[in-house]
Amino acid sequence: MILYALILRSRDLLPLTSTTNYHCSNGESAIDLKLINKIVKSVLKKNDVPKNKCFLRTNDKTYYFLPCLNIICMAMCIPSYPQVLAYSFLEELAGEFTKKYDRFKVEQALRPYNLIEFDTTIHPIQQMYNKPQQLTSRINLAEITRDITLDPPQEVFIVEENSKNSIHTPQVIPPTVRVGPLPTLEPLSFIDKTSLIFTICLIIHSIVIVMDTWRSWTTEDDDSLDTGWLHFCSILFRLAQMYVLTHKQMYRWKKGWTLFLVLLGIDWFLYFNDDLWQVILVYVITTLTHTCILRRKIAIKLPQYQI
C-alpha cells in the first residue's frame with residue numbers, strides 16, 4: 001500500500017505538493033510528517049540530490065525516490081509493496097505533474113506546498129495503485145520490470161544514532177557499491193581501429209625479424225641476437241597495449257603510460273640507426289595507440305525509465 005506521496009523541487013528540495021488524505025477519523029495524522037520530511041531531506045541532501053532512482057528501507061516503511069526533470073517524486077509504502085508498482089506510480093505521478101505544470105511554474109513557486117491543488121490528481125492515482133488488481137489493463141508491468149532490471153535503483157541506508165540529548169537523529173549512508181550492470185568502455189572509434197591495425201602491422205614486422213633471428217642465432221651474431229630479443233619484447237608490450245585499449249580494467253591510465261614509455265625506449269634502441277622516416281612512423285603509431293587509450297572513456301550508463 002502507498003501511504004504518502006510527496007513532490008519536491010530538485011533545486012532546493014522545496015515541497016511543492018503532497019498527499020493530504022492521511023488523517024484518521026478522529027482528525028489526528030496517521031503518519032509523522034516531521035519525521036518523513038526529516039528523512040527525505042537527509043537522504044536527498046546527503047546524496048547531493050540523486051540523479052537516478054533510489055530507495056530507503058526502514059523498519060516499517062520503504063521510501064522510493066524518482067527524479068524527473070526539475071522535480072523529485074517520493075512515495076512512502078509499506079515494506080511488502082512491490083517495487084515495480086511503486087516506481088510505476090511515481091512515473092505516472094511525474095508524468096501528470098509535468099503535463100500540468102511547466103518548468104517556469106515550478107521555478108516560480110516561493111512557498112512550501114504552493115501547488116497543493118495537485119493533490120486532487122494524486123489521490124485517485126494513489127487509490128488506483130492501492131488496488132493492483134485494477135492495474136492489469138493500464139500498465140505494462142513486464143516492460144517496467146525489464147527497465148528496473150537494466151537500471152536498478154540504488155539503495156541508501158540510515159543509521160539511528162543517539163546524540164548527547166538522547167535524541168534519535170537519522171544519519172544517511174550513501175551506497176558504496178553501485179547496483180546494476182557493470183560499466184563498459186565506449187565503442188571503438190575509427191581512430192581506435194586504425195591504431196590497432198597499425199600496431200598489428202608493427203607486431204607482424206617484429207615477428208618476421210624474430211623468426212629470422214631465430215634461424216641465424218647459431219651464427220654468433222650477438223647484435224642480431226640482442227635485436228631479436230628487443231623485437232620479442234616489443235611484441236609483448238604492443239600486445240599489452242592493445243589489450244589495455246580494448247578492455248576495461250583498473251589503472252588503465254597508469255598501465256597505458258607505463259607501456260608507452262617502455263615502448264619508446266625499445267623503439268629507440270631498435271630504430272635509431274634506421275632512416276628518419278621509419279623512426280617517426282614507429283613513434284607516431286606508438287603515440288597514436290597511447291592517445292587512444294587515454295581518450296577512450298567509460299560508456300554512458302543505460303537510460304533510466306521515466307515518463
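Rules and cut-offs
Residues numbered from 1 in each chain as written. Predicted model: local features only at pLDDT ≥ 70, side-chain atom pairs only at ≥ 80, totals over all residues. Heavy atoms only, no water. Helix = DSSP H or I, 4+ residues; strand = E, 2+ residues; numbered from the N terminus. Buried < 20%, exposed > 50% of the residue type's maximum accessible area, 1.4 Å probe, protein only. Contact = heavy atoms within 4.5 Å. Areas by Shrake-Rupley, 256 points an atom, 1.4 Å probe, with all protein chains shown as cover. UniProt positions renumbered as here; feature names shortened; annotations may be inferred. Patch = residues over 30% accessible without salt bridge, like charges linked within 9 Å, V, L, I, M, F, W, Y side chains within 5 Å. Salt bridge = Lys/Arg side-chain N within 4 Å of Asp/Glu carboxyl O.

Draft legend 1. Up close: the overall build of the protein. When its secondary structure is counted, the protein shows nine helices and seven strands. When burial is assessed residue by residue, the protein has 41% of its 307 residues classed as buried. A sequence separation of at least 24 residues applies to 68% of the contacts in the protein between residues at least 6 apart. For the protein, the accessible surface area stands at approximately 18000 Å², while carbon and sulfur atoms represent 62% of it.

Draft legend 2. Highlighting the UniProt feature "transmembrane region" (unreviewed entry) in the protein. In the numbering adopted here, UniProt assigns the feature "transmembrane region" (unreviewed entry) to residues 196-217, 253-270 and 276-294. Strand forms 0% of residues 253-270 and helix 100%; the C-alpha atoms that close the span are 25 Å apart. Annotated as residues 276-294, this span is 100% helix and 0% strand, and its ends, taken at the C-alpha atoms, are 27 Å apart.

Draft legend 3. Focus on a nonpolar patch on the surface. Where nonpolar side chains cluster on the molecular surface, the patch consists of W229, F232, L236 and L239 and spans about 420 Å² of accessible area. Examined against the element boundaries, W229 turns out to sit in helix α7 (residues 222-246).

Draft legend 4. Broad picture of the pattern of salt bridges. As enumerated under the stated definition, the model contains four salt bridges in all. In this structure, K61 and D60 form a salt bridge, with 3.3 Å as the shortest nitrogen-oxygen distance. The residue R295 makes a salt bridge to D192 at a minimum N-O spacing of 3.3 Å. Taken together, the residues span a long stretch of sequence, with R295 in helix α9 (residues 276-295) and D192 in helix α6 (residues 190-215) at a distance of 103 residues. R295 sits in the partly exposed class, given a relative accessible area of 39%. Assessed through its relative accessible area of 1%, D192 is described here as buried.

Draft legend 5. Here's a closer look at unusual backbone geometry. Even without a glycine there, the phi angle at L69 is positive, about 55°. Phi at Y113 is positive, roughly 55°, even though this residue is not glycine. Mapped onto the fold, Y113 is located in the loop between α3 (103-108) and α4 (119-129).

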